[in-house]
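Structural description and commentary
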Amino acid sequence: IGGSATVTSSDVEGGYTGTGNMSEDPLFVQPGYWDAGIWIQGDYHITGFSPCIDAGDAAGASQDDIDGELRSVADIGADEYSDLGTVGLHLLPDDVQIPAGDTLGYSANAVNNTASNVQIEYWTDVTMPDGATHPSSAVLVGPHSVQLEPFGTRSEHLTHRIPQPAPLGVYTYNAYIGTYPADVVQEFHFNFEVVGTR
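Each helix and strand counted, the protein has 0 helices and 13 strands in total. The order of α-helices and β-strands along the protein, N terminus first, is β-β-β-β-β-β-β-β-β-β-β-β-β. With the principal axes as the frame, the protein shows a C-alpha extent of 55 × 50 × 25 Å. Out of the 198 residues in the protein, the part that is buried amounts to 37%. Nonlocal contacts in the protein, meaning residues at least 24 apart in sequence, comprise 58% of its contacts between residues at least 6 apart. As displayed, the protein has an accessible area near 11000 Å², and 52% of this comes from carbon and sulfur atoms. Positive and negative side-chain charges in the protein, numbering 4 and 27 respectively, have mean positions lying 12 Å apart.

For the rest of this paragraph, the subject is the sheet that holds strand S11 (residues 153-161). Here we have 3 strands laid out as an open sheet, ordered S5-S7-S11, and antiparallel in their pairing. The two strands at the open ends of the sheet, each matched to only one other strand, are strand S5 (87-93) and S11. Each neighbouring strand pair of the sheet contributes to a mean axis angle of 20 degrees, computed without reference to strand direction. Across 9 bridges, the pairing between strand S7 (residues 103-112) and S11 is antiparallel. In the sheet register, Ala108 faces S11, and the bridge partner there is Glu156.

In this section: the environment of Pro150. Its location among the elements puts Pro150 in the loop between strand S10 (141-148) and S11. According to the relative accessible area criterion, Pro150 is partly exposed, its value standing at 39%. On a C-alpha basis, the gap between Pro150 and Gln41 in space is 31 Å, while along the polypeptide they are 109 residues apart.

Before going further, it helps to examine the pattern of salt bridges. Considering all chains together, one arrives at 2 salt bridges under this definition. Between Arg154 and Glu156 there is a salt bridge, with the nearest N and O atoms lying 3.1 Å from each other.

For the rest of this paragraph, the subject is the nonpolar core. Counting residues in each nonpolar core, the largest one holds 27 residues, and the members touching the most others are Leu91, Tyr106, Tyr122, Tyr173, Phe190 and Phe192. At the level of secondary structure, the elements contributing two or more residues to this core comprise S5, S7, strand S8 (118-127), S10, strand S12 (169-179) and strand S13 (183-195). Here Phe190 is in contact with Leu91, Pro93, Leu104, Tyr106, Tyr171, Thr172 and Tyr173, once residues within four sequence places are set aside.

With that out of the way, let us pick up the layout of surface pockets. Sizing a probe to match a water molecule and rolling it over the atoms shows the empty space that remains. Looking at the largest pocket, its volume works out to about 240 Å³. Tallied by class, the residues present in the lining of the largest pocket amount to 12 nonpolar, 2 polar and 1 charged.

On to the pairing of S5, then. On any regular strand, side chains alternate: one points to one face of the sheet, the next to the other face. Of all 7 residues making up S5, 5 are buried, and the element is well covered by its neighbours. Here S5 runs beside S7; their pairing, made up of 7 bridges, is antiparallel. Bridge pairing links Leu89 to Ala110 in S7.

Moving on: the side chain of Ser10. Mapped onto the elements, Ser10 comes out in the segment before strand S1 (28-30). Its relative accessible area of 10% is what places Ser10 among the buried residues. Polar side-chain contacts of Ser10 include one of 2.9 Å to the side chain of Asn21. Discounting chain neighbours no more than four positions away, the residues touching Ser10 are Tyr16, Gly20, Asn21, Met22 and Ile76.

Thresholds, definitions, all that
Residues numbered from 1 in each chain as written. Predicted model: local features only at pLDDT ≥ 70, side-chain atom pairs only at ≥ 80, totals over all residues. Heavy atoms only, no water. Helix = DSSP H or I, 4+ residues; strand = E, 2+ residues; numbered from the N terminus. Buried < 20%, exposed > 50% of the residue type's maximum accessible area, 1.4 Å probe, protein only. Contact = heavy atoms within 4.5 Å. Areas by Shrake-Rupley, 256 points an atom, 1.4 Å probe, with all protein chains shown as cover. Lys, Arg positive; Asp, Glu negative; His and termini not counted. Charge placed at Lys NZ, Arg CZ, Asp CG, Glu CD. Pairing = 2+ DSSP bridges. Axes fitted to C-alpha atoms, helices over the stretch in contact; angles between N-to-C directions. Salt bridge = Lys/Arg side-chain N within 4 Å of Asp/Glu carboxyl O. Core = buried A, V, L, I, M, F, W, Y, C linked by side-chain atoms within 4.5 Å. 1 Å grid on protein atoms, 1.4 Å probe; cavity = no way out; pocket = protein on both sides within 12 Å on 5 of 7 lines; lining within 4 Å. Points joined across faces, edges and corners; volume = space filled by probe spheres on them. Nonpolar A, V, L, I, M, F, W, Y, C, P; charged D, E, K, R; others polar. Polar contact = N/O pair within 3.5 Å; in protein donor to acceptor, adjacent residues only side chain to side chain.

Below, the structure written as structure tokens:
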């Protein structure tokens, strides 16, 4: 039995050749991640930064997305992008395996989904492989004040040196925006692993 398939307007790692196909990070609201050995289910809606927005083919898409929301210009995937709150936050690590003594780098992106100026604070901490929070009584970054213009975005690249004696294992990087310390408007988490030195 023989046959062939044609794939179009897809976003798959490694990619397909063909019309409208890509191999890009879809920039989900929050991919799933490990937190102190517990799997936290992700939120696989796409953010306002996603390359999948308006990149689909309306002729091949359903009228509604997975949430029952009407599609306008079709996005790639099951979800049609819609604003998910006042401010969106997304972090994209340069690498997720960091040798002890090397540098963890990531891009932090915030978007204002409103027609008004928004003033927020940004801060971070890290969950260690043993489940403890570092630093235990402060923050790793921030709190930094960030102003976003109406429908504006802000992107920064940040780095952290991983100390040579850092325990090996999986860490969770935790980032928050809102009013420090208690009012969290949005948060984002990603895992990285500290491995042996080069």
